[in-house]
Amino acid sequence: MTGPRIGTVVWPMQSWPEAGETWRRAEELGFHHAWLYDHLAWRGATPWYDAYTTLAAAAAVTSRVRLGTMVTSPNFRHPVPTAHAIKTIDHVSGGRLTVGIGSGGTRRTSDAGVLGGPDWTAAERSGRFAEWATLLDRLLRGPETTFDGEYYSAREVVSDPGCVQRPRVPFAIAADGPRGMRVAARHGAGWITNAEAPGREPSEVVRSRLDALRAAYDAEGREVGDRVLLTGFTDEPWLESPQAFADLAGRYGELGITDIVLHWPRPGTRWDADTAVFERIAADHGTTADRG
């Protein structure tokens, strides 16, 4: 079947080896990509395992599905060790890693402020995000990076042997505002949104954001890359039935969305769903359907 590619968010709440079975299952079901939230905790949920360590393990037990962070946060990660982890996972996975990057959340129950110090203003959060992505880009391109920014610095960091993917691992930038869109246009091979905007129709939210994204890319003289919609934060019935998914996917595909990400069903939460429906959607729209 044609239409947007599909992926899933795997909850980092299982210990190994149970978690490994979930990642293998994501590949078997035919998802094009599988993602992991990058937090120390998320909205108070526990246990909550580390994203980069888990992705390295997931890379070792899969061979086809693309892997990524949804999304890496400047709240508690510095670009230098993050770049080192990214290169390692890119090698372990054989070049299947995409790094989602966002400005970081503001919830104390997740990871905002966990390193101490004053709370970041909106302007500082935006500035840190832009500088963080700029430095990470340079670190992954190499061969050696020295950088003195307002928020981050690096001194003679050697990148050899670099990433499997050239010139570096691709970035997918989560951004809805003007400055974030400029970061996406400058550094992103992809863009992530979730359509959440209280009081507004989700499809119209995405339409307006796509228009802004195209304008930002035009200003940079670049072509827009992948456009990823993370579902599960609106009232749209993505996992109500295979037909409901197909109808929504078709609608967003017409708007210009290239990839749709579903949450792995999680009982007792707003992301609860019939596993049979979830698996049927993967069969109908995943890599097996592409080959069929």
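Residues numbered from 1 in each chain as written. Predicted model: local features only at pLDDT ≥ 70, side-chain atom pairs only at ≥ 80, totals over all residues. Heavy atoms only, no water.

Peer 1: I tried to follow the sheet that holds strand β7 (residues 171-174) on my own but got confused; where do I start?
Peer 2: Paired through their backbone hydrogen bonds, the strands of a sheet run either parallel or antiparallel. Strand order in the closed barrel formed by eight strands is β1-β2-β3-β4-β7-β8-β9-β10, and the pairing between neighbours is parallel. Direction aside, the axes of adjacent strands within the sheet are offset by 25° on average. Of the pairings in the sheet, the one linking strand β4 (residues 97-101) to β7 comprises three bridges and is parallel in character. In the strand pairing of β7, valine 99 is matched with phenylalanine 171. Packed on one face of the sheet, helix α2 (residues 51-61) meets β2 (33-36), β3 (66-72) and β4 and runs near 175° to β3. (Pairing = 2+ DSSP bridges. Helix = DSSP H or I, 4+ residues; strand = E, 2+ residues; numbered from the N terminus. Axes fitted to C-alpha atoms, helices over the stretch in contact; angles between N-to-C directions. Contact = heavy atoms within 4.5 Å.)

Peer 1: How should I be thinking about the nonpolar core in this particular structure?
Peer 2: Soluble globular proteins tend to bury their nonpolar side chains together. Counting 82 residues, the largest nonpolar core has Tyr37, Met70 and Trp238 as its most contacted members. Of the residues forming this core, the biggest block, eight residues, is contributed by helix α4 (residues 122-141). With residues near it in sequence (within four places) discarded, methionine 70 still touches Val9, Trp35, Leu36, Tyr37, Asp38, Ile192, Leu230 and Val261. (Core = buried A, V, L, I, M, F, W, Y, C linked by side-chain atoms within 4.5 Å. Buried < 20%, exposed > 50% of the residue type's maximum accessible area, 1.4 Å probe, protein only.)

Peer 1: What's the story with unusual backbone geometry in this structure? I'm lost.
Peer 2: Trans is the prevailing form of peptide bonds, just as negative phi is the prevailing case for residues other than glycine. Cis rather than trans, the peptide bond between glycine 142 and proline 143 has omega equal to 5°. Mapped onto the fold, proline 143 is located in the loop between α4 and β5 (144-148). In this structure, the amide linkage connecting arginine 166 to the following residue, proline 167, adopts the cis form with an omega of 5°. Considering the arrangement of structural elements, one finds proline 167 in the loop between β6 (153-158) and β7. You will see that glutamate 156, though not glycine, has its phi angle at about 50°, which is positive. In this fold, glutamate 156 is placed in strand β6. Of note, alanine 195 is a non-glycine position whose phi angle comes to about 70°, a positive value. Inspection of the secondary structure assignment puts alanine 195 in the loop between β8 (190-193) and α6 (202-220).

Peer 1: Quick question: what am I supposed to make of the pairing of β4 here?
Peer 2: Looking along a regular strand, one sees side chains alternate from face to face of the sheet. The element β4 is largely enclosed, with a buried count of five among its five residues. On β4, burial covers both faces: Leu97, Val99 and Ile101 on one face and Thr98 and Gly100 on the other are all buried. Relative to β4, β3 runs parallel, the two being bridged by four bridges. Bridge pairing in β4 links threonine 69 to valine 99. Viewed along the sheet, the connection from β3 through helix α3 (residues 79-93) into β4 turns out right-handed. (Right-handed = clockwise from strand over helix to strand, strands pointing away.)

Peer 1: Is there a simple way to explain helix α7 (residues 242-255) in this structure?
Peer 2: Because each turn of an α-helix spans 3.6 residues, side chains separated by three or four positions in sequence point in the same direction. Between the first and last C-alpha of α7 there are 20 Å, a value that for 14 residues agrees with the 20 Å anticipated at 1.5 Å per step. The complete set of buried residues in α7 reads Ala244, Phe245, Leu248, Ala249, Tyr252 and Leu255. Seen end-on, α7 carries its buried residues on one side only, within an arc spanning 125°. Those residues of α7 that are exposed and angled more than 90 degrees off the buried face are Gln243 and Glu254. Buried-residue contacts for α7 involve β1 (5-9), α6, β9 (226-230), β10 (259-263) and α8 (275-285). (Expected span 1.5 Å × (residues − 1). Arc of directions from axis to C-beta.)

None of this, on its own, says anything about what the molecule does.
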